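The lines below spell out each chain.
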Amino acid sequence: MWAYKSVVILVTDDQPDYWFELAPVWFGVSILLLASAIDHQVRRSRLAVILGVVSAVAGSVASLAYLLDGDDEGLFGPAAFAMMLSIVGFLFLVGGEVHNKQLLGTYDFGPRLLAWLFVAGIPVGAVLGGLFGERYGEVGLLGVAAGWAIVGLGALGAAQEPHDRVV
């Protein structure tokens, strides 16, 4: 959803309605599903699952708040922030172990990369937006979307392998 929104803004300079604000529910659910899939394969699995639940609940609250309030000034911002923190915390928490245990095959680097893309995406977007115009701030979000695609490819690949890896 963020990739679509970012591409539309870069091409047309207009933001499509709801695409940014409804994405958090799917981010949170994705992290919860990944946490569930690797639950017994990482040392800190209980904390990982808790962070997955927090991300799913906070992402759902953010999207629901936007739908009910119609803007991002109320509960959306704090809930989206909580979702982002829990996602980044989860990704850093399990990223090294996912890589070391090769839980996502070729894409074992995905969780760490996505965590760093979340951390770097906002400042990179701010710098690009400041230098070249506001719509170029979307480049940071496109980086985050690419990170999600890499993690998704890793989870899909692991699910198709016959041995007892992640999914």
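In case you missed it, the structure is sitting above this.
What counts, and where the lines are drawn
Residues numbered from 1 in each chain as written. Predicted model: local features only at pLDDT ≥ 70, side-chain atom pairs only at ≥ 80, totals over all residues. Heavy atoms only, no water. Helix = DSSP H or I, 4+ residues; strand = E, 2+ residues; numbered from the N terminus. Contact = heavy atoms within 4.5 Å. Expected span 1.5 Å × (residues − 1). Bend = angle between axes of the 7 residues up to and from the residue. Axes fitted to C-alpha atoms, helices over the stretch in contact; angles between N-to-C directions. Parallel < 35°, antiparallel > 145°, perpendicular 65-115°, else oblique. Left-handed = near helix turned anticlockwise from the far one by under 90°.

S.K.: Can you explain the environment of Val151? Please cite residues and give values.
M.R.: Checked against the element boundaries, Val151 lands in helix H6 (residues 138–160). Taking the C-alpha atoms as reference points, Val151 and Gly96, 55 residues apart in sequence, are found 14 Å from one another. Setting aside residues up to four positions removed in sequence, Val151 forms contacts with Leu34, Gly110, Pro111 and Leu114.

S.K.: So what's going on with helix H4 (residues 76–100)? Which residues, and what values?
M.R.: The first and last C-alpha atoms of H4 sit 36 Å apart over 25 residues, in line with the 36 Å expected at 1.5 Å per residue. In the structure, H4 departs most strongly from a straight axis at Val94, where the bend amounts to approximately 40°. Following H4 by one or two positions, Gln102 adopts a phi angle in the positive range, close to 55°.

S.K.: I'd like a description of the packing of helix H2 (residues 19–37) against H4, backed by residues and values.
M.R.: One way to put it is that H2 packs onto H4 with a least axis distance of 10 Å and a crossing angle of 30°. Taken together, H2 and H4 sit at an angle that is classed as roughly parallel. The handedness of the crossing between H2 and H4 is left-handed. Contact residues: H2 offers Phe20, Glu21, Pro24, Phe27, Gly28, Ile31, Leu34 and Ala35, while H4 offers Phe76, Met83, Ile87, Phe90 and Leu91.

S.K.: Pulling in residues and values, what's your account of the side chain of Glu97?
M.R.: Position of Glu97 relative to the elements: it lies in helix H4. When near neighbours in sequence (up to four residues on either side) are disregarded, Glu97 contacts Gln41, Val42, Arg43 and Leu103.

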